[in-house]
Amino acid sequence: MRPDVRTFTADGPLPDQDADEEEIARRVGQLEAVSAPVTPDEARALAACFGPDDC
């Protein structure tokens, strides 16, 4: 798994809508650093960070 994907997934699930703007901006930056295309394993790891909440 590439370092940019590991960095994003290491922080676990995305925060919920109550997270502060800095935290959301940090996670957005991590996600934007992931370059396409991703491998199937990377896609599964990334998808696991997205939940049913508003984030």
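Below is a summary of the structure that appears in this document. Everything numeric here is computed off the predicted structure, so don't read it as measured data.

Some remarks on helix H1 (residues 3-10)
Part 1: Taken together, the buried positions of H1 are Asp4, Val5, Phe8 and Thr9. Along the long axis of H1, the arc covered by the buried residues comes to 125°, so they all point the same way. Exposed residues pointing more than 90 degrees away from the buried face of H1 are listed as Pro3 and Ala10.
Part 2: On the buried face of H1, the contacting elements are helix H2 (21-32) and helix H3 (40-47).
Part 3: A positive phi of about 75° marks Gly12, the residue just after H1.

A closer look at the pattern of salt bridges
Pairing between side chains of opposite charge can happen when their charged atoms approach one another.
Part 1: For the structure on display, the rule yields four salt bridges.
Part 2: Among the charged side chains, a salt-bridge network with shared partners connects Asp11, Glu23 and Arg26.

Rules of the game
- Residues numbered from 1 in each chain as written.
- Predicted model: local features only at pLDDT ≥ 70, side-chain atom pairs only at ≥ 80, totals over all residues.
- Heavy atoms only, no water.
- Buried < 20%, exposed > 50% of the residue type's maximum accessible area, 1.4 Å probe, protein only.
- Helix = DSSP H or I, 4+ residues; strand = E, 2+ residues; numbered from the N terminus.
- Arc of directions from axis to C-beta.
- Contact = heavy atoms within 4.5 Å.
- Salt bridge = Lys/Arg side-chain N within 4 Å of Asp/Glu carboxyl O.

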